[in-house]
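Geometric and topological summary
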Amino acid sequence: MAETKGDKGPKADKSAKPGKSDKPAAKGGKPEAAASAKDAKGKPQARREGGAEIVAAGAVKAAPKDYVARLKKLYRDEIVAKLIEEFGYKNALEVPKLDKIVLNMGVGEAVNDTKKVTSAAADLALIAGQKPVVTRARKAISTFKVRENMPIGAKVTLRQTRMYEFLDRLVTVALPRVRDFRGLDPKAFDGRGNYALGIKEHIIFPEIDYDKAEAMLGLDIVVCTTAKTDAEARSLLRAFNFPFRQ
């Protein structure tokens, strides 16, 4: 007997549950390529096709093991010999060096809107390349409408390679973009070899998109060195091409 027009044939058995192998293929019909782009934990990985390495979307390619920051190499090759000649150090280990760089961002508008601290911390993470720590008020101050344990800013400490990379971007890219820049104060040392400077607008860093910035935020930068005197620290920073005022 011929099948009628409305006859749709036998129904599928609903009791049989599809397994993992029954899942539809990835878009483009290449399930193997999609699976190879992620590891066992679900994180994207780099894969090779035709001898070339392709990094999946969202993956951050790690720096090579033999990578050395430009300013770190400059310090080893030129600055150490220059400081030994200037101050007459008897041992190369006496030569002052950079210890760490601390970035601190205070958000006064957080009193009215605590979400602005989250936005400031996100901008600071882009500038530093490292996740910052949200700072909170230690005690309540009724005059400024500050409550205890209230988020009021963010800070981050950079060391080693990230420290040198940030210093390179600060001196060569960010500071020349400061409006009416006339040089850094050569006397802003604390007497123990540490230098502090303030930036009024954080948008001078190229990582910050000017159109997406919610507000102009200030930024404090403290460069800590192992120098024992301000003269040694000043010579060290000047060797890193810090634009001090004459």
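Okay, so let's go over this structure. Every value quoted in this text rests on a predicted model; they were computed, and no experiment measured them.

Describing the nonpolar core
Counting residues in hydrophobic clusters, the biggest one holds 52 residues, and the most contacted among them are Leu 103, Phe 205, Ile 221, Phe 240 and Phe 242. Every element with two or more residues in this core is listed here: helix H2 (70-87), strand S3 (98-106), helix H3 (115-128), strand S5 (151-158), helix H4 (160-174), strand S6 (195-199), strand S7 (219-225) and helix H5 (230-239). Tallying contributions element by element places H4 first for this core, with seven residues.

What about the packing of aromatic side chains?
Applying the stated criterion across every chain, the model contains nine aromatic pairs. Considering the side-chain rings of Phe 189 and Tyr 195, the 4.8 Å spacing of their centres and the 55° angle between planes classify their relative orientation as tilted. An identical accessibility class is assigned to Phe 189 and Tyr 195; each is buried. Here Tyr 195 and Phe 244 contribute two aromatic rings whose centre-to-centre distance is 5.5 Å and whose plane-to-plane angle is 85°, an arrangement assigned as edge-to-face. One end of the pair, Tyr 195, is in strand S6; the other, Phe 244, is in the segment after H5, and 49 residues separate them in sequence. For the pair Tyr 195 and Phe 244, one class covers both residues: buried.

Focus on the sheet that holds strand S4 (residues 133-136)
Where strands meet in a sheet, backbone hydrogen bonds hold them as pairs that are either parallel or antiparallel. A sheet is described by the order of its strands in space; here five strands give the open sequence S4-S5-S3-S7-S6, paired in antiparallel fashion. The open sheet has two edge strands, S4 and S6, and neither has a second partner. Here the strands of the sheet are splayed against their neighbours by 25° on average, with no regard to which way each runs. The sheet contact formed by S6 and S7 spans five bridges and is antiparallel. When the sheet's bridge partners are listed, Tyr 195 is paired in S7 with Val 223.

Section: the pattern of salt bridges
Per the stated rule, a full pass over the model turns up four salt bridges. Glu 207 is the partner of Arg 169 in a salt bridge, and the nearest nitrogen-oxygen pair spans 2.8 Å. Of this pair, Arg 169 sits in helix H4 while Glu 207 sits in the loop between S6 and S7; the two residues are 38 residues apart in sequence, bridging distant segments of the chain. With a relative accessible area of 22%, Arg 169 lands in the partly exposed category.

Criteria and thresholds
- Residues numbered from 1 in each chain as written.
- Predicted model: local features only at pLDDT ≥ 70, side-chain atom pairs only at ≥ 80, totals over all residues.
- Heavy atoms only, no water.
- Core = buried A, V, L, I, M, F, W, Y, C linked by side-chain atoms within 4.5 Å.
- Buried < 20%, exposed > 50% of the residue type's maximum accessible area, 1.4 Å probe, protein only.
- Helix = DSSP H or I, 4+ residues; strand = E, 2+ residues; numbered from the N terminus.
- Phe/Tyr/Trp six-rings, centres within 6.5 Å; stacked < 30°, edge-to-face > 60°.
- Pairing = 2+ DSSP bridges.
- Axes fitted to C-alpha atoms, helices over the stretch in contact; angles between N-to-C directions.
- Salt bridge = Lys/Arg side-chain N within 4 Å of Asp/Glu carboxyl O.

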